[in-house]
Structures are given as structure tokens and as C-alpha cells.
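Residue-level structural notes
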Amino acid sequence: MRIWLDGTLRDADDAKVSVLDHGLTVGDGVFETVKAQDGTLFALTRHLERLTRSARGLGLPDPDLDEVRRACAAVLEANPVPLGRLRITYTGGLSPLGSDRGDAGPTLVVAVGGTTRRPDTTAVITVPWVRNERSALTGLKTTSYAENVVALDRAGRAGASEALFANTVGQLCEGTGSNVFVVLDGEIHTPPVASGCLAGITRALAVEWTGAKETDLPFDVLERAEEVFLTSTLRDVQAVHRVDGRVLTGAPGPVTAKAMRVFDERAASDIDP
């Protein structure tokens, strides 16, 4: 594997970041995951716009997007994969131990790994922990991901691929790395960004392309929704066939199946919507 680190491609064994990098010591960094298919990145412009928003939210300098694009192209050329997960990581850089940043400047890492297409349906669980819709990090895609690691580990031990959170006022929010949609009376709904969920790239496209409504939803909507589906960079639109112990028979249901079809068709016709 060849990895871009601070301006150059390096072999994986040589792609080393300091143990004093702020991304490692305090999770001071942001990232994007972009779907790579046959050497082409999907919705890269939207991902780079969100990378910049996240960096600004942490008080990091704006990333040099021309450099990020060059890095992405170089990494894809050096590591051809039919389907891949390209990861852009941008951190506070070399810093003193503690929360204060140093003055060495940010660290930029771009890497890609191969993956396989997700199954059409999956199982999810709910977890007792909540998203804080008033947090300083709300809406930012940061490297402070330990909360998601804990929840996803619980999901895996329950035979599920995702864990769903409520927010502090008991509303449906999001998954560890996905947005959630429900079908009620034949209509698609998803929590608004004000709920504390990440403004997912795939989420935004699914709302635009399916006409989904952004709605404040109680967490227990998962107990009565006719259909449930997830969206994310690598899931695209993925139906849910089980929520905790509740089985959604026939998943993907007709509304979700149509959303999956529309998303695939629209994404295929425009690589950078």
C-alpha cells in the first residue's frame, strides 16, 4: 500500500506520524471517507466541502483542497482497487502533550483500502447512550470516535452491523457511522441535522433524490416504522431487516427498494453530484 503523508506518497511501512500528533494524543482531527470505484471518487466535492466545515469547526486552518485532490488522485493511481474506502485524515499536527496545539501545522494523510459491496439488508440495535445535540463537536466529522467504537462493538456482539442513538431529548438521531430513515404511512422521514446527527453526504443526496422529509422523530418510532433504512458512503441506501428483537419482514420493503434503485441510478449518472 502507498499512502500520502504531508506532501508525498510513501510505502505503508514508512508512512509514520509522530506519537505527539494531536490527532493521536487528544483526537484533534477531522476526516472524510469517500467511495472509490474503478479509480473514481463519488461526490468528492461535497466531501471536501464538509472536510473544510469540520476543520473550521475545530479551529483548524482550512485544508488545501488542491493538495487533497492531488493526494487522492495519487493514492488511487498507486493502489488500484475495484471498490475502495478512501480515507482523508487532517489533524492538528505535532503538538505538546495536552489540549493546546503546537505551531508545526496540520498533518494530512490519505489512504485507500479495498472493500466489498454491502448486503442489501442488515440488522441494527439501539443503545442506551445518547448524542449531545448541543456539543461543541455536533455536526463535525472528527477523529474523536471512541464513542462509536464502543457502540459498534456492542452491535457486533448482538449480530448487527450498526447501533442507533437517540439525542438528549429522546429523539431519533443517527448511527455510529450512518444516517437513519424510517417509512411512516408510505412516506420517508429522517431526523433533521438539528437533532445532532451528522449531515451525511449520502443522507443529503437521498433526501434530494427521494423527497424524504426531515422530521423530529421520537426514538420509539423504530418500534412502529413500516420500513427502516440506513445511508452512508459505503452503505449507499441499505435496508434494515431487524431492529433489536423486531423483525421487519420482507425487507427491503417497497419504499426502501425504490429508494435504493433511485439512488443507484442517480449516482451512476453523476459521479460528483
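That block above? That's the structure.
Parameters at a glance
Note on numbering: residues in each chain are counted from 1, in written sequence order. Local features in this predicted model are restricted to residues whose pLDDT is 70 or higher, and side-chain atom pairs enter the listing and the counts only when it is 80 or higher, whereas totals over whole chains, interfaces and linings include all residues. The basis for every side-chain value is the complete set of non-hydrogen atoms in the structure, without hydrogens or water. Only DSSP runs of H or I with at least four residues qualify as helices, and only runs of E with at least two residues qualify as strands; both kinds are numbered from the N terminus onward. Based on C-alpha atoms, the radius of gyration is set beside the globule rule, defined as 2.2 Å times the residue count to the power 0.38. Partly exposed describes any residue whose relative accessible area lies between the buried limit of under 20% and the exposed limit of over 50%, with all areas from a 1.4 Å probe on protein chains only and scaled to the type maximum. Criterion used throughout: strands pair if DSSP finds at least two bridges between them. Contacts were defined at the residue level, with two residues in contact if any of their heavy atoms lie within 4.5 Å. Lines fitted to C-alpha atoms define the axes, with helix axes restricted to the stretch in contact, and inter-axis angles between N-to-C directions lie between 0 and 180 degrees. Working definition: roughly parallel below 35 degrees, roughly antiparallel above 145 degrees, roughly perpendicular at 65 to 115 degrees, and oblique for all remaining angles. The residue classification treats Ala, Val, Leu, Ile, Met, Phe, Trp, Tyr, Cys and Pro as nonpolar and Asp, Glu, Lys and Arg as charged. All others, Gly included, are polar. Nonpolar cores were defined as sets of buried Ala, Val, Leu, Ile, Met, Phe, Trp, Tyr and Cys residues, with membership established by side-chain atoms within 4.5 Å. Here a Phe, Tyr or Trp ring, Trp counted by its six-membered ring, pairs with any other such ring whose centre lies within 6.5 Å, and the pair is stacked when the planes are under 30 degrees apart, edge-to-face when over 60, and tilted otherwise. Lysine and arginine charges are scored as sitting over a ring when NZ or CZ, respectively, is within 6 Å of the ring centre and within 35 degrees of the ring normal. The working definition used for a salt bridge is a side-chain nitrogen of Lys or Arg within 4 Å of a carboxyl oxygen of Asp or Glu.

What follows concerns the overall build of the protein. For the protein, the count of helices and strands is six helices and 15 strands. A globule of 273 residues ought to have a C-alpha radius of gyration of about 19 Å, and the protein, at 19 Å, matches this closely. In terms of overall dimensions, the protein has a C-alpha envelope of 55 × 40 × 30 Å along the principal axes. Relative to its full complement of 273 residues, the protein shows a buried share of 47%.

This paragraph deals with the sheet that holds strand β2 (residues 8–11). With antiparallel pairing, six strands are arranged side by side in an open sheet as β2-β1-β6-β5-β3-β4. Of all strands in the sheet, those with a lone pairing partner are β2 and β4 (40–41), marking the two edges. In the sheet, strand β3 (residues 29–37) pairs with β4 via two bridges, with the strands oriented antiparallel. From the neighbouring strand, Gln 37 faces β4, where its bridge partner is Thr 40. The strands touched by helix α3 (residues 65–78) within the sheet are β1 (2–5), β2, β3, β4, β5 (83–91) and β6 (107–114), with β6 carrying the most contacts at an inclination of about 30°.

Between helix α5 (residues 201–210) and helix α6 (residues 254–269), the least distance of the axes is 10 Å, while the angle of their chain directions is 105°. The angle between the axes of α5 and α6 places the two elements in the roughly perpendicular class. On α6, the residues that touch Thr 202, Leu 205, Ala 206, Trp 209 and Thr 210 of α5 are Ala 259, Val 262, Phe 263, Arg 266 and Ala 267. Residue composition of the contact of α5 with α6, grouped by class: seven nonpolar, two polar and one charged.

Before going further, it helps to spend a moment on the nonpolar core. Grouped together as the largest cluster of nonpolar side chains are 24 residues, with contacts concentrated most on Leu 41, Leu 86, Ile 88 and Val 110. The set of elements that each furnish at least two residues to this core consists of β3, α2 (44–58), α3, β5 and β6. With six residues, the single largest contributor to this core is α3. Aside from chain neighbours lying at most four places away, what touches Leu 86 is Glu 32, Thr 33, Val 34, Leu 41, Cys 72, Val 75, Leu 76, Val 110, Ala 111 and Val 112.

Under the counting rule described, the total for this entry stands at four aromatic pairs. An angle of 10° between the planes, with centres 4.8 Å apart, marks the rings of Phe 181 and Phe 229 as stacked. Taken together, the residues Phe 181 in strand β10 (residues 179–184) and Phe 229 in strand β13 (residues 227–232) connect sequence positions 48 residues apart. Classification of Phe 181 by relative accessible area gives buried; the value is 0%. Each ring, one from Trp 209 and one from Phe 263, has its centre 5.2 Å from the other, and the planes form 50°; the classification is tilted. With Trp 209 in helix α5 and Phe 263 in helix α6, this residue pair connects regions lying 54 residues apart in the sequence. You can call Phe 263 buried: its relative accessible area is 2%. The structure contains a cluster of three or more aromatic residues connected by ring pairs, namely Phe 42, Trp 209 and Phe 263. A cation over an aromatic ring shows up here: Arg 87 above the ring of Phe 31, its NZ or CZ 3.8 Å from the ring centre.

On to the pattern of salt bridges, then. Close approach of charged atoms allows side chains of opposite charge to pair. The tally for this structure, following the rule as stated, stands at 15 salt bridges. Each of Lys 35, Arg 117, Asp 236 and Asp 264 takes part in salt bridges that share partners, so that together they form one network.

Now for the pairing of strand β14 (residues 236–243). On any regular strand, side chains alternate: one points to one face of the sheet, the next to the other face. By the criterion of burial, β14 is predominantly enclosed, with six of the eight residues buried. Strand direction decides the pairing type here: strand β7 (residues 121–131) and β14, joined by four bridges, are parallel. Residue pairing across strands places Ala 123 opposite Arg 242, the latter belonging to β14. In this structure, β13 lies alongside β14, joined through four bridges in antiparallel fashion. Among the inter-strand pairings, Thr 231 is bridged to a residue of β14, identified as Val 237.

Taken together, the two bridges between β1 and β6 define a ladder with antiparallel strand orientation. What sits directly across from Leu 5, in β6, is Val 109. In the sheet, β5 pairs with β6 via eight bridges, with the strands oriented antiparallel. Looking across to β6, one finds that Arg 85 is bridged to Gly 113.

Here we take up the environment of Pro 82. Within the secondary structure, Pro 82 is located in the loop between α3 and β5. Here Pro 82 falls in the exposed class, since its relative accessible area comes to 62%. C-alpha separation for the pair Pro 82 and Gln 238, spaced 156 residues apart in sequence, amounts to 20 Å. Ignoring anything within four residues of it in the chain, the contact list for Pro 82 reads Ala 36, Gln 37 and Asp 38.

Interpretation in functional terms is not warranted from these geometric data alone.
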